[in-house]
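Close look at the chain arrangement
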Amino acid sequence: MFHFLLLQDCSFNKLQSDTAIKVSFQGVMRVIGSNKCNRWFFKFNGNECSGPMTIEAVVYNNWPSSAGNPNLLHHRSFEGYCENIPQGTVRVELWVGSCPGRTLGDAYTGWNSVSRIMIEEVSRPQS
């Protein structure tokens, strides 16, 4: 069973139909619990990017229970490009959920520092 949580969303006005959207996240991400895996990912108008691929980051923790349960908060970043999004208003969303086949851990995001989501409209990469 998968669990998902919307962390942040915003609207972006895409001016051209033949461009891509570049998104990036910078901020603190963690997972607490042994054998837990969290996946942070972007959606565009309610769907994950399929062209060229999803934009995601995965954090896995397998800390032996005899060693306690560490609370390791690390600054992380991930980014990617999404093509085939039509011109007009685009809802960009940052989600967190469990990794396939794993249990969701405590997915604390944005602790004691600034977190940023950056969105840009860019030319598509040349083939």
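Above: the structure in question.
A few words on the state of the cysteines. One pass over the structure, following the stated rule, counts two disulfides. Covalently, Cys 49 is tied to Cys 82 through a disulfide, its sulfur atoms 2.3 Å apart. Since a negative S-S torsion denotes a left-handed disulfide, the Cys 49-Cys 82 link at about 105° is right-handed. Pair noted here: Cys 49 is in the loop between strand S4 (47-48) and strand S5 (56-61) and Cys 82 is in strand S6 (residues 74-82), with a separation of 33 residues, a long-range link. When sorted by exposure, Cys 49 lands in the same class as Cys 82, which is buried. Counting only the cysteines that take part in disulfides, in the order they occur along the protein, gives the pairing 1-4, 2-3.

Proximity of charged atoms lets side chains of opposite charge pair with each other. With the rule as written, the count across this model stands at five salt bridges. Glu 48 serves as the salt-bridge partner of Arg 39, at 2.5 Å between the closest nitrogen and oxygen. For Glu 93, the salt bridge identified is with Arg 91, shortest N-O distance 3.0 Å. Residue class for Glu 93 comes out buried when judged on its relative accessible area of 4%. Look at Arg 91 and you get partly exposed, because its relative accessible area is 36%.

Let us now look at the sheet that holds strand S8 (residues 116-123). The sheet built from three strands is open, its strands ordered S6-S2-S8 with antiparallel pairing. Only two strands of the sheet have a single partner each, and these edge strands are S6 and S8. For this sheet, the mean inter-axis angle between neighbouring strands, taken without regard to orientation, is 15°. Taken together, the eight bridges between strand S2 (residues 19-29) and S8 define a ladder with antiparallel strand orientation. Paired with Val 23 across the two strands is Ile 119, which belongs to S8.

Scoring rules and cut-offs
Residues numbered from 1 in each chain as written. Predicted model: local features only at pLDDT ≥ 70, side-chain atom pairs only at ≥ 80, totals over all residues. Heavy atoms only, no water. Disulfide = S-S within 2.5 Å. Helix = DSSP H or I, 4+ residues; strand = E, 2+ residues; numbered from the N terminus. Buried < 20%, exposed > 50% of the residue type's maximum accessible area, 1.4 Å probe, protein only. Salt bridge = Lys/Arg side-chain N within 4 Å of Asp/Glu carboxyl O. Pairing = 2+ DSSP bridges. Axes fitted to C-alpha atoms, helices over the stretch in contact; angles between N-to-C directions.

Keep in mind that these numbers describe shape and distance, not what the molecule does.
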